[in-house]
Amino acid sequence: HMEQPWAHHTYWMFNIQLDLETADKRDEIMSQLAALGIETRPVFYPLSDLPPYADEWRHVQFSVAHSVARAGISLPTWAGLTRDDVDYVVEAVTSCVNAVARTSV
């Protein structure tokens with residue numbers, strides 16, 4: 001996808017997907033990151049789970065959408081992030097995920 005000369009990509013969302021071993025610890029990882037000053041959010045809920053669509057899709061399994069919602073974390077993104085900020089987030093995410101993975105064994 002090419003940008004137009006008058007426009008710039010906003011890179012609005014940057015998500016990570018935890019592996020199966022740590023997916024059930026997503027909220028714990030997000031809490032640890034918050035304690036380090038890193039705001040995160042869960043990825044979006046599957047559309048089929050939202051009230052306006054729940055009746056229509058109640059008999060359909062959307063396993064991939066539910067897996068992404070259960071194990072996904074949205075990381076901070078904004079125009080003012082510096083390279084040092086990005087490095088800090090990467091190091092913190094790596095450290096928190098590794099710490100949780102060690103306690104899950």
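The rules we used
- Residues numbered from 1 in each chain as written.
- Predicted model: local features only at pLDDT ≥ 70, side-chain atom pairs only at ≥ 80, totals over all residues.
- Heavy atoms only, no water.
- Buried < 20%, exposed > 50% of the residue type's maximum accessible area, 1.4 Å probe, protein only.
- Helix = DSSP H or I, 4+ residues; strand = E, 2+ residues; numbered from the N terminus.
- Pairing = 2+ DSSP bridges.
- Salt bridge = Lys/Arg side-chain N within 4 Å of Asp/Glu carboxyl O.
- Core = buried A, V, L, I, M, F, W, Y, C linked by side-chain atoms within 4.5 Å.
- Contact = heavy atoms within 4.5 Å.
- Axes fitted to C-alpha atoms, helices over the stretch in contact; angles between N-to-C directions.
- Phe/Tyr/Trp six-rings, centres within 6.5 Å; stacked < 30°, edge-to-face > 60°.
- Polar contact = N/O pair within 3.5 Å; in protein donor to acceptor, adjacent residues only side chain to side chain.

*Asks:* Explanation requested: the pairing of strand 3 (residues 72-75) in the structure shown.
*Replies:* Working note: regular strand, side chains alternate between the two faces of the sheet. Alternating residues of strand 3 divide into Gly 72 and Ser 74 and Ile 73 and Leu 75, and every residue in both groups is buried. For strand 1 (residues 14-17) and strand 3, the ladder comprises four bridges, and the chain directions are antiparallel. Residue pairing across strands places Phe 14 opposite Leu 75, the latter belonging to strand 3.

*Asks:* Teacher, can you tell me more about the pattern of salt bridges here?
*Replies:* Between side chains of opposite charge, pairing is possible as soon as their charged atoms come close. As enumerated under the stated definition, the model contains four salt bridges in all. Between Asp 55 and Arg 58 there is a salt bridge, with its nearest N and O atoms 4.0 Å apart. Arg 58 matches Asp 55 in its accessibility class, with the two residues each being exposed. Between Asp 87 and Arg 83 there is a salt bridge; the shortest N-O distance is 3.4 Å. Here Asp 87 pairs with Arg 83, and both are found in helix 4 (residues 83-104), just four residues apart, close to one helical turn. Asp 87 sits in the partly exposed class, given a relative accessible area of 28%.

*Asks:* Looking at this structure, I do not really get the nonpolar core. What am I missing?
*Replies:* Looking at soluble globular proteins, one finds that nonpolar side chains tend to be buried together. Ranked by internal contacts, the top residues of the largest apolar core, which has 15 residues, are Leu 18, Ile 29, Leu 33, Ile 73 and Val 93. Looking at this core, the elements with two or more residues in it are helix 1 (26-35), strand 3 and helix 4. For this core, the element with the highest residue contribution is helix 4, accounting for six residues. If sequence neighbours within four positions are ignored, Ile 29 has contacts with Leu 18, Thr 22, Ile 73, Cys 96, Val 97 and Val 100.

*Asks:* Whenever I open this one, the sheet that holds strand 2 (residues 41-42) confuses me. Can you help?
*Replies:* To summarise the sheet geometry, strands pair through backbone hydrogen bonds and adopt either a parallel or an antiparallel arrangement. Strand order in this open sheet of three strands is 1-3-2, and the pairing throughout is antiparallel. The open sheet has two free edges, formed respectively by strand 1 and strand 2, since each of these has just one partner strand. Sheet contacts for helix 1: strand 2 and strand 3; angle to strand 3, the most-contacted strand, approximately 20°.

*Asks:* Sorry, what's going on with the packing of aromatic side chains here?
*Replies:* The description of two aromatic rings rests on the distance between their centres and on the angle between their planes. All chains considered together, the criterion is met by one aromatic pair. Ring centres of Trp 57 and Phe 62 lie 5.5 Å apart, and the angle between their planes is 70°; on these two criteria the pair is classed as edge-to-face.

*Asks:* Is there a simple way to explain the side chain of Ser 48 in this structure?
*Replies:* Take Ser 48: it is sitting in the loop between strand 2 and helix 2 (51-57). You can call Ser 48 buried: its relative accessible area is 14%. In this structure, Ser 48 is in contact with Tyr 53, Ala 54, Trp 57, Phe 62 and His 66, ignoring residues within four places of it in sequence.

*Asks:* What is the right way to look at the side chain of Ser 74 in this model?
*Replies:* Here Ser 74 shows up in strand 3. Within the structure, Ser 74 has its side chain in polar contact with the side chain of Asn 15 (distance 2.5 Å). With residues up to four places along the chain from it excluded, the contact list for Ser 74 reads Met 13, Phe 14, Asn 15, Glu 39, Thr 40, Arg 41, Pro 42 and Val 43.

Such coordinate-based values are descriptive only and should not be taken to indicate function.
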